[in-house]
Amino acid sequence: MNGAERRTGAKIACVGVSALIAGQLFMPAASLAAETADKDTATNDAAAVAALAAQASPAAETAPAASAAPAAGAPAASAPASNSASADQQAQPAPAASTNDSADNAAAPVNAAVGQNGNADNAAAPANDAIQTRGVTDVVGGEGGVKINTIVVDHYTDCVVPGNITLVKGQSYTFDFPDVEGGIPETPLSGIVETKYYRADAASGALVEVLDASMSDVTAHFEPVGDHMRLTLTFTGGAASGAYQLTRNDDLLVASTLTYTGTDYEGDNIIVGDPDDIFNAYKPGGSVVINETRDNYYLRYNINSEITLVSAEKKALENLNVDNVKTDYAPGEAPRATATIPAVDADKYEIAYECWEEMDGSDPRELTPAAFWYSDPGKYAPGMKKITQFEEGKFYMYSVELRLKDGNTLADDYKVNVNGQWVSNTIKTVEGVFAPNAANMLCEQPIVEMQAIDLIEINGATTTFKAGDKPVFTAGTPEGSNAIFQCEYWTGSDGSEVNSVEFWDQNIANHIDAFKPGVTYRYGVYLKPARGFYFAPDAKLMINGTACGYQVGEASEVDPESGMIQTLWLSTDLTFTPEGAAPGPQLQPGDNDGTTNADDTTKAPTAKAAATKPATGNLAATGDDAALMAAALGIAGATAATAVAAARRRNH
């Protein structure tokens, strides 16, 4: 291939071979030149990379860079000497201007010829910074060469927040920006995770950035979430209040890609030497242009918002309310977080987490948690059995923890109410208060229609006492009754009381330790309906087989619209007044309509019919005796065993 007499066909074939070799060698070299400053050219295997680097800092013995001269009247910039040249040796003139974008020609003296780049892009580069070429670059051999044509395309994702934002002290405001074009790589080219601190400057009416978090009033945290950025603003300062301007305007480079787009061949290229020596294998006047596109992806922050700071007043909270707790799950439903805080209290406390526990055990007083569900996954312990769905016939208890905000505290006599019901057993925590057994549920199929209880039977009640006798409680409801017995009690005309259940009995100041002569005592009972039932307003009461009149106590729960009685405190017409050592009166039989004739001196014998006497712990199912079961159930607090007992009775 060295003879000039070769045919024209051989010339064309050689052009193709040389172009192919040039493309294979220079495509990776061009990408490397745009991405890295690696100048390790020590091995023969890296000859192509070294040759490309040499075009940015040619040695003295390298052939002239190009036949094209710099623009008239303006001297070309001198290129720094290569490692193989002496320190005082002059560099060759830079190639003439080509079609590259001026923004891509920074820090490369070889491109600094007049007319090639913009002035702002012609910054000086260190002598050894060889592989920093941008735009079109000639890789020359003889009088021909290979050129790299890089087109730079910038993409911007604008990050703008609303013009007016209100921040309450101790609270946070979160805003998600649009997805970044091209996505956010695992290792962005700039540090995009940022926390900035701002001080409220009253003089300028602006939030001024400071370096020390202790000096700040507002914290701004920028972090990637998926392919978009998220801004979280938090008012953490002291007494600052009012409106302040928050400004941020800057760009951050997130990612950059380089794409090969094709190769152009210029002139009559003929290989005149060793084909492997590609830099010296072109006839003067021929060249190869390798085209590529660089896509740069930027975050462009354009924040100019008015931030209104509101200082919340610290309080000792007396009432903490939790609403919308779902306690009517059907079999097969999965637990979910439903609790909310009233809007008026949202700046004072919040839901830390909710919990459901599946209770297991044959003895209502020894129920233990068997499985758990937490709204906060971090609360699960290793190996803990999880509740994935509620199961029919199983008993579940609900607990909730509240976290205080902004330095608020609990008053000494604070109360926690869940769905409007007072939670009797709560525990103070470091951050707030924990309410175990705040609600409970026996998982059953939904109620299609409520049924009325029009007959209430109380059996086995002891009603015969004499002066000096101590109260004895033996009453209950018949097996299978839909009226769930809660307690029985006596009240004296002197204001004294006694109750069969310790939960209420322990709080009585004027307690009946023994019945006194001359004092009239009245008998009462407390009942709840089984699930799906209610007490009819005109329900008939039978005590020991005899009809008895009664009055509905004020503590009873009555639906004002339907008149359905949901809990029933009965103050009956059964009374007696002990005199000396004489035995107490028997139950007075009433009329057929359930009223008692006070003038009737006939005494009915005390009935001893079989009755279901409630266990002391049965009140727990209704939430009345929470403290009674706290020790047995740990964080679950008091049990609700009456619901379990009621279900058991209905199943018989």
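What counts, and where the lines are drawn
Every chain begins its residue count from 1, and numbering advances along the sequence as written. Given that the model is predicted, a residue must reach a pLDDT of at least 70 before its local features are reported, and side-chain atom pairs must reach 80 or more before they are shown or counted; all residues, however, enter totals for whole chains, interfaces and linings. Water and hydrogen atoms play no part in the side-chain values, which are based on all heavy atoms of the structure. Put simply, a nonpolar core is a bunch of buried Ala, Val, Leu, Ile, Met, Phe, Trp, Tyr and Cys residues held in one set by side-chain atoms that sit within 4.5 Å of each other. Burial classes follow relative accessibility: with a 1.4 Å probe on protein chains only, a residue under 20% of its type's maximum area counts as buried, one over 50% as exposed, and anything between as partly exposed. Helical segments are the DSSP runs of H or I of at least four residues, strand segments are the runs of E of at least two, and each set is numbered from the N terminus. In what follows, a contact means two residues having at least one pair of non-hydrogen atoms within 4.5 Å. Whether two strands pair depends on DSSP finding at least two bridges between them. Any Phe, Tyr or Trp ring, taking Trp's six-membered ring, that has another such ring centre within 6.5 Å forms a pair; planes under 30 degrees apart are called stacked, those over 60 apart edge-to-face, and the others tilted. We define a salt bridge as a side-chain nitrogen of Lys or Arg found within 4 Å of a carboxyl oxygen belonging to Asp or Glu. The quantity called pLDDT is the predictor's confidence in a given residue, expressed from 0 to 100.

(A) Inspection of the nonpolar core at higher detail. One finds Leu 320, Trp 356, Tyr 398, Leu 402, Val 416 and Val 418 to be the most contacted residues of the largest nonpolar core, which totals 36 residues. Among the secondary structure elements, those contributing two or more residues to this core are strand S11 (316–322), strand S12 (349–360), strand S13 (368–374), strand S14 (395–404), strand S15 (409–418) and strand S18 (432–442). Discounting chain neighbours no more than four positions away, the residues touching Val 418 are Val 322, Val 325, Tyr 398, Val 400, Val 423 and Ala 438.

(B) How the structure looks around the sheet that holds S18. Read from one edge to the other, the open sheet built from 5 strands follows the order S13-S12-S14-S18-S17, with strand pairing classed as antiparallel. Edge positions in the sheet fall to S13 and strand S17 (427–428), since each of these pairs with one other strand and no more. Pairing between S12 and S13: 6 bridges, direction antiparallel. From the neighbouring strand, Met 359 faces S13, where its bridge partner is Pro 369.

(C) A look at the packing of aromatic side chains. Counting across every chain of the model gives 27 aromatic pairs. With a centroid separation of 5.0 Å and an interplanar angle of 20°, the aromatic rings of Tyr 156 and Tyr 298 are classed as stacked. Here Tyr 156 is found in strand S2 (residues 144–159), whereas its partner Tyr 298 is found in strand S10 (residues 287–310), with 142 residues between them in sequence. Of the residues examined, Tyr 156 reaches a relative accessible area of 32% and is grouped as partly exposed. Judged by its relative accessible area of 18%, Tyr 298 falls in the buried class. Measuring from ring centre to ring centre gives 5.1 Å for Phe 222 and Tyr 301, while their planes differ by 65°; the resulting arrangement is edge-to-face. A residue pair is termed long-range when its members are at least 10 positions apart, and Phe 222 in strand S7 (residues 218–225) and Tyr 301 in strand S10 qualify at 79 residues. In terms of burial, Phe 222 and Tyr 301 fall into one category: buried.

(D) Representation of the sheet that holds S11 within the structure. Spatial ordering of the open sheet is given by S11-S15-S16, a layout of 3 strands whose pairing is mixed. Every other strand in the sheet has two partners, leaving S11 and strand S16 (421–422) as the edge strands with one partner each. When S15 meets S16, the two strands line up antiparallel, connected through 2 bridges. Within S16, the residue paired with Val 418 across the bridge is Gln 421.

(E) How the structure looks around the environment of Cys 487. By the secondary structure assignment, Cys 487 is in strand S20 (residues 483–492). Once the C-alpha coordinates of Cys 487 and Gly 476 are considered, the two residues, 11 residues apart in sequence, prove to be 8.5 Å apart. Residues within four places of Cys 487 in sequence aside, it is in contact with Asn 499, Ser 500, Val 501, Trp 504, Gly 524, Val 525, Tyr 526 and Trp 569.

(F) Local environment of the pattern of salt bridges. A complete count under the given rule lists 18 salt bridges for this structure. In this structure, the salt-bridge partner of Asp 250 is Arg 248, at a minimum N-O distance of 3.0 Å. On the basis of relative accessible area, Asp 250 is assigned to the partly exposed category, the value being 29%. Residue Arg 248 is classed as buried on the basis of its relative accessible area of 6%. A salt bridge links Asp 573 to Arg 522; its shortest N-O distance comes to 3.8 Å.

(G) Main features of the side chain of Thr 219. Tracing the chain through its elements places Thr 219 in strand S7. Contacts of Thr 219, omitting those with residues within four sequence positions, involve Thr 195, Lys 196, Tyr 197, Thr 232, Leu 233, Thr 234 and Thr 236.

(H) Expanded view of the pairing of strand S27 (residues 565–576). Strand direction decides the pairing type here: strand S22 (residues 521–529) and S27, joined by 6 bridges, are antiparallel. Residue pairing in the sheet places Val 525 in a bridge with Leu 570 of S27. Of the pairings in the sheet, the one linking strand S25 (residues 550–552) to S27 comprises 3 bridges and is antiparallel in character. In the strand pairing of S27, Val 552 is matched with Leu 570. When strand S26 (residues 557–558) meets S27, the two strands line up antiparallel, connected through 2 bridges. Note on S27: the bridge partner recorded for Val 558 is Ile 565. Here S26 hands over to S27 after 6 residues, with Gly 563 in that stretch at a positive phi of 80°.

(I) Main features of the confidence of the model for the protein. Counting all residues, the mean pLDDT for the protein is 73, and 62% of those residues have values of 70 or more. Per-element averaging of pLDDT across the protein places helix H4 (residues 630–633) at the bottom with 35 and strand S21 (residues 497–499) at the top with 96. Taken as a whole, residues 1–22 scores under 50 in pLDDT and shows 25 contacts with residues more than four places along the chain or in a different chain. Confidence drops under a pLDDT of 50 for residues 588–652, and excluding neighbours within four residues, the segment shows 169 contacts in the predicted structure.

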